[in-house]
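If you want the building blocks of each chain, they are given just below.
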Amino acid sequence: MNSDKAREISERALSFTSADEAEVILQGGASSLTRFANNKIEQNVNESGYSISVRTAFGKKVGRASTNNFDDASLKKAVESAEIIAKFQKEDETLLALPEPQEYGKIDNYVEATAAFSPTDRADAVAGLINRCRTESGLTTAGIFSDEAQYLALANSKGLFAYDRMTSAVFSGTVMTDDSAGWAEDNNKDVSKIDLEGVAETAIDKALKSREPVAIEPGEYTVVLEPAASANLVIFLGWLAFGGLAYQEGRSFLSGKLGEKVFGDNINIDDDVYHELSGGLPFDFEGIPRRKVALVENGVAKSVVHDRKTALKEGVESTGHGLPVPNTSGPIPLNVVFQPGGVSKEEMIASTKKGVLVTQFHYTNTVNPMKLMVTGMTRNGTFLIEDGKVTKPVKNMRMTESLVKILNNVDMIGKDLLKCRGFFGGGLVVPSLKVNNFTFSSGTDF
Amino acid sequence: MRDFTQLAIDTCFAEGASYADIRIIFSKREDLTLRNGVLGSVNKSETLGFGIRAIVKDSWGFAACGELNAEEIKKTAALACETARASSTLMTDPVRLADEPVYDTVWTTPYIIDPFKVSIEEKLGFLSKIDAILRKNPKIKVAESTMRFWNERQWLATSEGTFIDQNLMRSATGYSATAVENGEMQRRSYPSSHGGLAMTMGYELVKGSDLLENAERIRDEAVALLSAPVLPSGKRDMILDPAQLALQIHESCGHPTELDRVLGSEANYAGRSFLTLEKLNELKYGSDIVNLVIDGTIPGGLATVGYDDDGVRASRNYLVKNGLFVGYKTNRELAHVAGEERSRGCNRADGYENLPMVRQNNLCLLPGKGSLDDLLADSPGAVYMHNNKSWSIDQLRVNFQFGCEAAWDVTKDGKLGQMYKNPNYQGLTTEFWNSCDFICGPEEWVLLGVTNCGKGQPGQTAEMSHGCAPSRFRNVTVGIGN
């Protein structure tokens, strides 16, 4: 959907309301995904569609309703529903007037070739990995190739109009033997830049090297976390600690600690939608421009992110991290960038007397949010490091550890900055990390 | 709708399909959250769209569209077939669907009060009463109470001649209180933390609930947890209340018995399963008193439907009988792999826009004998854990670790003693379920909903219920990291 069409639908919806103020969010697009398993394509899907969400405000009362049909009758019905909801509210004294028109930075995240990728293109893309696994005895692969083009427009009754679009493509492959698994993934806004052979090679190599794993005792180890494993942990920083509302309500580990040194000297973390690997849009769901925010500088907690409401309470300007209003979670960092170091993964391994190399963690989740304590299982390639070399695969283990402790024990930071997707969504830019005294709390027999 | 569905099927067959189906779905939702006395979130939505599945050259293709008209149906049907042809280039085994009778029928969720006809004012009034009770203590920094209603009208037509018109109504309500003081944060929620009270019912669910009556207790427990000690690490006999046990069942019984996971379909995402095919009818999954059934027919269950998205009539089946693992969750495509002639009716999709796949049905742990008082009296020294706060399990569904909102010692005279904050426990699935030696009886058995079950790529969310009664597990590792 181009900008003109988005503007036409938005303005038509706004014209139907008698509310004091109104805002619409129009979003959607087309996405396709080829899912393979057992060395064949098992699921192959396409979806397209858009929805419009209307927010109306009468004084300090607000309502919201949405529809995926854009004819006049459907839009009027959505507007009317939002108005009825608004009229029955109690006044919310913290509700802010809608923002005036804004200026946005430019982020070019749309590539036509990705939007035009076809089912046949996807089948061709996954064929290399599938055929290699078919021909190499004992290998089975599962994974996805997806492509999507998404559009977001936001308009309000004060004349604000924001529009942007983005594409993304993902190739993710898991390769299994009867006693091991390996995994690799690449994602890019430009489908032509997906490293098909690199993903296949890495996933197969990890699966083969993970065969006949041995059990090691749970306990404290030095670990070398590949970027995906780092991401599985670092993603919790944004959710648990660096949101303005959680901070103000005392529900964040950082509450009352801004300006204090909370992590090691070598830790620098931003929220930066403008970073070349980030992806994302230049405005938030209130129509406010996204800003780069330094979250941690040399281990010192510098800032949390804000929407307009939390910013007002703090006496600062919004950083452009608002979600659709009203919401219960408050602003959250969506584009965390962990600043890289200068060493390679190989140098980290070479410097390790005894440790564990981790490809990925599975199903990480919070144990204690105020201590940033999380748990999760290793997955898809876990190896023992002895005397500077990877010596053998090990059976999977559960980690239960505090991110505060982890980020105070980072010994080395990789230069291999990668964009990673999180489990059940999310994404961030992170390097590999070498961490001392990392706790594995229990094990498995596989 | 029959004109649209026939057009879709005819178009698919003109494109070379050997099978096709179409689901047209009109969906209404209403979500209300009151947060600290004001509207925390709200949305009232309506969506209409359709999804078409086609088998061409023995392979699947699927396409969905949010615009329902003849032109889009023809275009989407053609895309589904083009996608199936692309799938066929890497095909190994032809898709094979288990037989199912042809139905031309109507089915609806039984409900009394249409929640979409109840005024916003009445709903917010109810939530406001809860909110006022929860915020009476200033240490409660966040009080959230919610109501959600969703209604799906589905028309499923298959090229075999089935046409099913189904009307599903679901309602949910619940709340949580978060207490904060001196860098400590503790939360209690009621009646459970994954969707609250959630059932296939109308607004009578809210009217008949005991939410108001429990608000004061929940508030006070959240505040009390702030100053409670952490649960010490060690090995303990453990009793789980239904709100926690429901998620234990969901994660360690529900997902590993999904046959598509067993066969590797989820290997790149949510993982596989330790319940591989050779373990069927061989593995002692739990102790003799452990009986687990999937039940698409149970009144009020969130996954209770007349027919699944394969057009298979809902049924009730054992997965674990007297401790023995005896069955999987299946769909028409996979039933034959489990040696069965008919699907168990577990194929469901998230809305019109997603492909149906094997999902958890309502999965219930059948009741045993005795009241909770009997269980406590029989369990001096045990720890009693309440309501889920954290969950994690490995990709084969073996090593799990759960955190709960609160725990109590069971005293030597069978009462609840010391309260603990941040309780958690860890175990291995079959070892854990084989240690189960007490399941309370029908008088303690409740059906609790899970409304946020994620699976699949693209990600889909599904809802289902788990029925269970308080149960005891022996010698469990608790207090990890405390």
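It should be emphasised that the depicted structure is a prediction, and the values quoted were computed from it without experimental measurement. (Residues numbered from 1 in each chain as written. Chains lettered and ligands numbered in written order. Predicted model: local features only at pLDDT ≥ 70, side-chain atom pairs only at ≥ 80, totals over all residues.)

### Some thoughts on the overall build of chain A
Looking only at helices and strands, chain A has ten helices and 19 strands in total. Its C-alpha atoms give chain A a radius of gyration of 24 Å, near enough to 22 Å, the size a compact globule of 446 residues would have. Along the three orthogonal principal directions, the C-alpha set of chain A runs to about 70 × 55 × 35 Å. For chain A, buried positions account for 56% of its 446 residues. (Helix = DSSP H or I, 4+ residues; strand = E, 2+ residues; numbered from the N terminus. Rg over C-alpha atoms; globule rule 2.2 N^0.38 Å. Buried ≥ 20, exposed ≤ 12 C-beta atoms within 10 Å, placed from the backbone.)

### Thoughts on the overall build of chain B
For chain B, the count of helices and strands is nine helices and 23 strands. For 482 residues, the compact-globule estimate of 2.2 N^0.38 gives 23 Å, and the C-alpha radius of gyration of chain B, at 23 Å, lies within 12% of that figure. Taking the principal axes of its C-alpha atoms as reference, chain B extends roughly 70 × 55 × 35 Å. Across the 482 residues of chain B, 62% fall into the buried class. The long-range fraction of contacts in chain B, counting pairs at least 24 apart against all pairs at least 6 apart in sequence, stands at 75%. (Contact = placed C-beta atoms within 7 Å.)

### Considering the interface of chain B and chain A
Every contact between the two is made by 71 residues of chain B and, on the other side, 76 residues of chain A. Element by element, the count of residues in the side of chain B that touches chain A is highest for strand 2 (residues 38-56) of chain B, at twelve residues. Here the side of chain B that touches chain A is composed, by residue class, of 28 nonpolar, 33 polar and ten charged. Both strand 2 (residues 40-58) of chain A and strand 3 (residues 59-65) of chain B contribute to a ladder of four bridges, which runs parallel. Paired with A:Ser48 across the bridge in strand 3 of chain B is B:Cys65. (Nonpolar A, V, L, I, M, F, W, Y, C, P; charged D, E, K, R; others polar. Pairing = 2+ DSSP bridges.)

### What about the sheet that holds strand 12 (residues 324-325) of chain B?
All names here are of chain B. Pairing within the open sheet is antiparallel, and its four strands lie in the order 12-11-10-15. Of all the strands in the sheet, just strand 12 and strand 15 (363-365) have a single pairing partner and so form its edges. Here strand 11 (residues 316-321) pairs with strand 12 via two bridges, running antiparallel. The residue bridging Val 320 from the neighbouring strand is Phe 325, located in strand 12.

### Re helix 2 (residues 72-87) of chain A
Under the 1.5 Å per step criterion, the end-to-end length of helix 2 of chain A is 22 Å for 16 residues, consistent within 8% with the ideal 22 Å. If you check which residues of helix 2 of chain A are buried, you get A:Leu75, A:Ala78, A:Val79, A:Ser81, A:Ala82, A:Glu83, A:Ile85 and A:Ala86. On its buried side, helix 2 of chain A packs onto helix 1 (3-15), strand 2 and strand 3 (61-67) of chain A together with strand 2 and helix 3 (120-134) of chain B. (Expected span 1.5 Å × (residues − 1).)

### Re the domain arrangement of chain B
All names here are of chain B. Looking at chain B, the domain boundaries give domain 1 (2-226) and domain 2 (234-478). With centres defined by C-alpha atoms, the gap from domain 1 to domain 2 works out at 21 Å. The interface is formed by 42 residues belonging to domain 1 together with 40 residues belonging to domain 2. Among the elements of the structure, strand 1 (17-35), strand 2, strand 3, strand 5 (140-158), strand 6 (163-181), strand 7 (184-190), strand 8 (197-199) and helix 5 (211-226) are those that each provide at least two residues to the side of domain 1 that touches domain 2. (Domains from an automatic or database assignment.)

### A few points about the packing of helix 4 (residues 119-135) of chain A against helix 2 (residues 70-88) of chain B
Taken N-terminus to C-terminus, the directions of helix 4 of chain A and helix 2 of chain B make an angle of 20 degrees; their axes are 8 Å apart at the nearest point. Taken as axis vectors, helix 4 of chain A and helix 2 of chain B run roughly parallel relative to one another. The chirality of how helix 4 of chain A crosses helix 2 of chain B is right-handed. From helix 4 of chain A, A:Pro119, A:Thr120, A:Arg122 and A:Ala123 reach across to helix 2 of chain B, where they touch B:Glu82, B:Thr83, B:Ala86 and B:Ser87. When the residues that make up the contact of helix 4 of chain A with helix 2 of chain B are grouped by side-chain class, the tally is three nonpolar, three polar and two charged. (Axes fitted to C-alpha atoms, helices over the stretch in contact; angles between N-to-C directions. Parallel < 35°, antiparallel > 145°, perpendicular 65-115°, else oblique. Left-handed = near helix turned anticlockwise from the far one by under 90°.)

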